[in-house]
Amino acid sequence: MTAALHDDQPPPGEWTTDDLDRLPDDGRRYELLDGNLMMSPSPTRLHQSIALLLGSALQESCPADLDVTQGVEVRLSRTRAFIPDVLVTELDAASRNPSHYRPNEVMLVVEIVSEGSRSIDRVLKPALYAEADIPYFWRIETGAGIVVHAHKLDPSKGIYVETARMTDGILLPEPWEIDIPLSRITPRSR
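Calculation notes
- Residues numbered from 1 in each chain as written.
- Predicted model: local features only at pLDDT ≥ 70, side-chain atom pairs only at ≥ 80, totals over all residues.
- Heavy atoms only, no water.
- Salt bridge = Lys/Arg side-chain N within 4 Å of Asp/Glu carboxyl O.
- Helix = DSSP H or I, 4+ residues; strand = E, 2+ residues; numbered from the N terminus.
- Buried < 20%, exposed > 50% of the residue type's maximum accessible area, 1.4 Å probe, protein only.
- Expected span 1.5 Å × (residues − 1).
- Pairing = 2+ DSSP bridges.
- Axes fitted to C-alpha atoms, helices over the stretch in contact; angles between N-to-C directions.
- Contact = heavy atoms within 4.5 Å.
- Phe/Tyr/Trp six-rings, centres within 6.5 Å; stacked < 30°, edge-to-face > 60°.
- Polar contact = N/O pair within 3.5 Å; in protein donor to acceptor, adjacent residues only side chain to side chain.

Student: In this structure, what is going on with the pattern of salt bridges? I would like to understand it.
Tutor: Should their charged atoms come close, side chains of opposite charge can pair. Under the criterion given, the structure shown has 16 salt bridges. Glu131 is the partner of Arg80 in a salt bridge, and the nearest nitrogen-oxygen pair spans 2.8 Å. Highlighted residues: Arg80 in strand E5 (residues 80–82) and Glu131 in helix H5 (residues 118–131), separated in sequence by 51 residues. In this structure Glu131 comes out as exposed when scored by relative accessible area, which is 55%. In this structure, a network of salt bridges that share partners links the residues Glu31, Glu111, Asp121 and Lys125.

Now the structure itself:
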């Protein structure tokens, strides 16, 4: 498998999560979309700083039965696996110290939109997270200041419905009462 990756050739057939497990730990972000391997470029400092600050702010207020982390894979199926920028999971699942989560262990996924992944973060990932029944999805845009778009799954339609668009702070009643001033997730240089 590793040789196939270095030769830029996929394994016979489509990529699976089993193939991901055999890839070297080389610091790259590998994701799967319908059996196709995707590699994301390194995120920017702004992107990473927002993820770090948001994760820390969420951890302070989240209920004791939940856990907040960054950049851990969520395996939606055998041929689909994404790495959200920030995610909230069940504490029992986090206690395993997993390298990946199942969708039913995830409460919230957050994607911070990057230049090279706008369509994926805005359209594709939310549709597939919704299909996997992950209850909450947030998208953070950074083009003209920080804007947080909060979405909740409508299980009858299998899609996310936007519940808030926030430019001053994150003030939401669910998945738990959240009140985070935008200054808490704004990096110092912005």
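Student: What is the right way to read helix H3 (residues 45–61) from this model?
Tutor: Given 3.6 residues per helical turn, the α-helix brings residues three or four places apart onto the same face. If you check H3, its first and last C-alpha atoms are 25 Å apart, about what 17 residues at 1.5 Å a residue would give, namely 24 Å. All buried positions along H3 are accounted for by Leu46, His47, Ser49, Ile50, Ala51, Leu54, Gly55, Ala57 and Leu58.

Student: Would you mind showing me how to read the sheet that holds strand E3 (residues 66–70) here?
Tutor: Within a sheet, adjacent strands bond to each other through the backbone by hydrogen bonds, running parallel or antiparallel. Strand order in the open sheet formed by six strands is E3-E6-E8-E9-E10-E11, with mixed pairing between adjacent strands. Because the sheet does not close on itself, it has two edges, and the strands there are E3 and strand E11 (159–166). Along the sheet, successive strands turn relative to each other by an average axial angle of 20°, direction set aside. Of the pairings in the sheet, the one linking strand E6 (residues 86–90) to strand E8 (residues 106–112) comprises four bridges and is antiparallel in character. Within E8, the position partnered with Leu87 by the bridge is Val109. Running at roughly 170° to E3, H3 makes contact with E3, E6, E8 and strand E9 (136–141) of the sheet. Running over the sheet, H5 touches E8, E9, strand E10 (147–154) and E11 and is turned about 170° from E9.

Student: Help me understand unusual backbone geometry, please; the structure alone is not making it clear to me.
Tutor: Excluding glycine, most residues fall at negative phi; most peptide bonds, likewise, are trans. Each neighbour pair has its own omega, and for Glu174 with Pro175 the value is 15°, a cis peptide bond. Mapped onto the elements of the fold, Pro175 is located in the loop between strand E12 (169–172) and strand E13 (178–181). A positive phi angle is found at Asp34, which is not glycine, with a value near 50°. A positive phi is found at Asn97, a non-glycine position, where the angle reads about 55°. By the element assignment, Asn97 lies in the loop between helix H4 (91–94) and strand E7 (100–101).

Student: Is there a simple way to think about the packing of aromatic side chains in this case?
Tutor: For any pair of aromatic rings, the description rests on two quantities: the centre-to-centre distance and the angle between the ring planes. The full count for this structure, using the stated rule, is three aromatic pairs. Ring geometry for Phe82 and Tyr129: centres 5.9 Å apart, planes at 85°, overall edge-to-face. Taken together, the positions of Phe82 in strand E5 and Tyr129 in helix H5 put the pair 47 residues apart, joining distant regions of the chain. Relative accessible area serves as the criterion here: at 0%, Tyr129 is assigned to the buried category. Feature note: the residues Phe82, Tyr129, Phe137 and Tyr160 constitute an aromatic cluster, connected by ring pairs.

Student: Explain the pairing of E10 here, please?
Tutor: In summary, the side chains of a regular strand alternate between the two faces of the sheet. Counted residue by residue, E10 has seven buried out of eight residues, so it is predominantly covered. Where E9 lies against E10, six bridges are found, and the strand directions are antiparallel. Paired with Tyr136 across the strands is Lys152, a residue of E10. Connecting E9 to the next strand, E10, in antiparallel fashion are five residues, including Gly145 with a positive phi near 85°. Hairpin connection from E10 to E11: four residues lie between these consecutive antiparallel strands, with Gly158 at a positive phi of about 70°.

Student: Looking at this model, I keep getting lost on the side chain of Asp19. Mind explaining?
Tutor: Inspection of the secondary structure puts Asp19 in helix H2 (residues 17–22). Residue classification places Asp19 among the buried positions, given a relative accessible area of 7%. At 2.7 Å, the side chain of Asp19 forms a polar contact with the side chain of Arg22.

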